[in-house]
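# Coordinates in review
Chain by chain, the residues run as shown.
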Amino acid sequence: MPKSTGTAQLKVGDKTIDLPIYSPTLGPDVVDIGKLYAQSDMFTYDPGFTSTAACESAITYIDGDKGELLHRGYPIDQLAQDSHFLEVCYLLLFGELPNKAEMIDFEQRVTNHTMVHEQMHNFFRGFRRDSHPMATMVGVVGAMSAFYHDSLDINDPWQREVAAIRMIAKLPTIAAMAYKYSVGQPFVYPKNSLDYASNFLHMCFAVPCEEYQVNPILSKAMDRIMMLHADHEQNASTSTVRLAGSSGANPFACIAAGIACLWGPAHGGANQACLEMLREIGTVDRIPEYIARAKDKDDPFRLMGFGHRVYKNFDPRATVMKESADEVLELMGIHNNPTLQVAKELERIALEDDYFISKKLYPNVDFYSGIILDAMGFPTSMFTPIFALSRTVGWISQWREMIGDPTQKIGRPRQLYIGEAHRDYVPVEKR
Ligand code: CMC
């Protein structure tokens with residue numbers, strides 16, 4: 001239970017209710033309304049949770065006005081520059097940067113779990129070849145609970161840790177298998193001599209009939225994409241994982257729930273939608289037409305890869321992603337890439353436009369990630385699975401934090417009921 005640092009008073013009719021205030025390490029104070037219903041017979045109302053802190057967390061901090069993202073206190077730009085994905089995984093999971101021995105041990109533990117149960121190959125084969133890889137992933141990750149019975153006991157901290165390691169290790173394998181299945185190629189087993197990102201690229205692009213050498217610059221770019229997506233505090237998919245986990249559901253089922261939520265175009269599905277939009281725009285001269293559509297209240301069209309619930313200045317992940325896009329295209333010898341040209345010009349025009357300025361809409365992480373993944377050879381349908389495998393560490397860290405909290409209880413929001421009041425049943429012949 002946090003310590004109260006003050007009291008807010010809520011006046012309801014002639015009654016004054018005292019509500020404790022808690023102060024975080026960083027960010028706005030919170031008012032504890034947990035006893036409000038008992039004291040006033042009233043609920044609070046906050047659809048979309050725009051003003052609601054749903055939990056305590058020590059993992060990730062975002063300052064949306066400053067465009068700041070910290071993992072366990074470390075700024076994302078420093079991590080993206082000097083760290084690597086598995087080190088960030090360790091940091092998110094265990095709270096501190098590892099020393100050398102801890103890092104080696106962690107890498108070995110993850111590496112030892114990269115293969116999936118052989119029986120899962122048959123499970124994949126039940127899907128249609130043209131299934132979206134996210135559809136396959138939701139199913140296969142949920143089904144992991146049918147394969148790994150020795151890490152399902154959420155009350156055993158060791159089993160929770162094993163489940164976390166398993167998921168970090170196996171999600172790239174599962175995403176790569178979903179891809180291979182969709183293009184009709186044989187599954188490629190993980191190669192444990194490769195680092196995490198290179199292994200993923202190898203499982204996606206190697207074929208049994210020829211040697212595949214992973215380009216270190218592409219592997220570095222892949223690792224960076226993974227790092228930039230690793231965690232993002234209480235976003236929709238993470239909150240989904242926490243809510244699913246609050247009922248005591250097993251960790252594999254909870255992560256499958258997170259993947260399902262991530263799929264939507266307002267969340268992780270935006271990277272696929274963004275590249276498709278940039279291609280649809282096609283040429284720089286068509287940008288004004290799309291800007292006009294985005295501003296039109298009667299048109300549901302939105303600029304994909306723009307805007308964020310929390311960032312109201314810039315998305316620090318987008319800055320790093322833009323640099324990576326330039327590096328990768330340069331390496332691949334892709335000059336004057338029309339999609340990148342449209343993206344840069346769209347960003348320039350939108351950032352000078354009153355509509356976008358007044359609503360504080362800036363490019364988000366998904367604006368440039370698709371350009372990099374496309375240049376690497378991934379189809380758009382793989383963009384969101386790559387987001388999912390990268391975010392798995394964030395989901396599982398948040399889940400472990402929640403389950404490890406002795407005061408944790410089932411999440412159960414209330415509602416503002418607007419349906420019919422009581423009425424009597426009418427037999428069908430009288431309706
Ligand atoms: N294009 C045009 N207008 C926009 C956009 C956009 N991309 N985003 C927000 N707006 C407008 C919106 O119409 C609204 O206008 P008004 O106040 O006149 O009604 C205002 O800006 C506020 O929008 P909102 O929907 O209330 O804001 P939100 O915080 O609920 O939504 C968002 C955040 C990310 C869902 C939204 O900006 C969006 O749909 N963006 C496009 C999808 C996208 O890129 N999503 C990826 C997010 S980053 C990756 C991740 O973490 O998942």
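Along every chain, residues carry numbers that run from 1 in the direction the sequence is written. Side-chain atom pairs in this predicted model are given and counted only at pLDDT of 80 or more, local residue features only at pLDDT of at least 70, and totals for whole chains, interfaces and linings cover all residues. The side-chain quantities take in all heavy atoms of the structure and omit both hydrogens and water.

## Let's talk about the pattern of salt bridges
In plain terms, the rule: We define a salt bridge as a side-chain nitrogen of Lys or Arg found within 4 Å of a carboxyl oxygen belonging to Asp or Glu.
Under the defined criterion, the tally for this structure stands at 14 salt bridges. In this structure, aspartate 299 and arginine 293 form a salt bridge, with 2.8 Å as the shortest nitrogen-oxygen distance. Each of Arg109, Glu161 and Arg400 takes part in salt bridges that share partners, so that together they form one network.

## Overview of the site of the ligand
For clarity, the cut-off: Near, as used in this document, describes a residue that has one of its heavy atoms within 4 Å of the molecule or strand being considered. We define a polar contact as two N or O atoms separated by no more than 3.5 Å, with the added condition that, inside protein, one atom must be a possible hydrogen donor and the other a possible acceptor, whereas residues neighbouring each other in sequence contribute only through side-chain atom pairs. Each accessible area is a Shrake-Rupley result for a 1.4 Å probe, and residues are judged covered by the shown protein chains and nothing else. In this classification, the charged set is Asp, Glu, Lys and Arg, the nonpolar set is Ala, Val, Leu, Ile, Met, Phe, Trp, Tyr, Cys and Pro, and all remaining amino acids, among them Gly, are polar.
Around the ligand, a shell composed of 21 residues is seen, among which His267, Lys297, Leu303, Arg309 and Lys359 lie nearest. Interatomic distance of 2.9 Å between a side-chain N/O atom of asparagine 364 and an oxygen atom of the ligand. When the free accessible area of the ligand is taken as 940 Å², the share hidden by the protein chains comes to 76%. Its residues assigned to classes, the shell around the ligand comprises ten nonpolar, six polar and five charged.

## Some remarks on the sheet that holds strand β4 (residues 60–63)
For the record, the criterion: Should DSSP find at least two bridges between two strands, the strands are regarded as paired. Numbering of helices and strands runs from the N terminus; a helix is a DSSP stretch of H or I covering at least four residues, while a strand is a stretch of E covering at least two.
Pairing within the open sheet is antiparallel, and its three strands lie in the order β4-β5-β6. The open sheet has two edge strands with one neighbour each: β4 and β6 (74–75). Strand direction decides the pairing type here: strand β5 (residues 68–71) and β6, joined by two bridges, are antiparallel. In the strand pairing of β6, leucine 70 is matched with proline 75.

## Points about the pairing of β5
Two strands pair when backbone bridges link them, and β4 and β5 are joined in this way by four bridges, in the antiparallel orientation. Paired with threonine 60 across the bridge in β5 is histidine 71. Linkage of β4 to β5, two consecutive antiparallel strands, is achieved through a turn of four residues, within which glycine 67 is found at a positive phi near 70°. Taking the residues between adjacent antiparallel strands as the criterion, β5 and β6 are bridged by two residues, where arginine 72 takes a positive phi near 50°.

## Section: the packing of aromatic side chains
What counts is decided by this rule: Working definition: a ring pair exists when centres of Phe, Tyr or Trp rings (six-membered ring for Trp) sit within 6.5 Å. Plane angles under 30 degrees give stacked, over 60 give edge-to-face, the rest tilted. The cut-offs for exposure are 20% and 50% of the maximum accessible area for each residue type, with area from a 1.4 Å probe on protein chains only; residues under the lower value are buried, those over the upper are exposed, and the others partly exposed. In this scheme, the term charge over a ring applies when either NZ of a lysine or CZ of an arginine sits within 6 Å of the ring centre and within 35 degrees of the ring normal.
According to the stated counting rule, one finds 18 aromatic pairs in the structure shown. Judged by centre distance (5.1 Å) and plane angle (40°), the rings of phenylalanine 85 and tyrosine 196 are tilted. On the criterion of sequence distance, the pair formed by phenylalanine 85 in helix α3 (residues 85–94) and tyrosine 196 in helix α8 (residues 196–205) is long-range, its members being 111 residues apart. On the basis of relative accessibility, which here comes to 0%, the residue phenylalanine 85 falls in the buried class. Relative to phenylalanine 106, the ring of tyrosine 90 has its centre 5.4 Å away and its plane inclined at 85°; by these criteria the two rings are edge-to-face. Remark: phenylalanine 106 occurs in helix α4 (residues 100–111) and tyrosine 90 occurs in helix α3; sequence separation between them is 16 residues. Residue classification places tyrosine 90 among the buried residues on the basis of a relative accessible area of 12%. According to the relative accessible area criterion, phenylalanine 106 is buried, its value standing at 2%. Pairwise contacts between aromatic rings join Tyr179, Phe200, Phe205, Tyr212 and Phe378 into one cluster. In this structure, arginine 129 is placed above the aromatic ring of tyrosine 181, and the distance from its NZ or CZ to the ring centre is 4.1 Å. Over the aromatic face of tyrosine 37 sits the side chain of arginine 414, whose NZ or CZ is 5.9 Å from the ring centroid.

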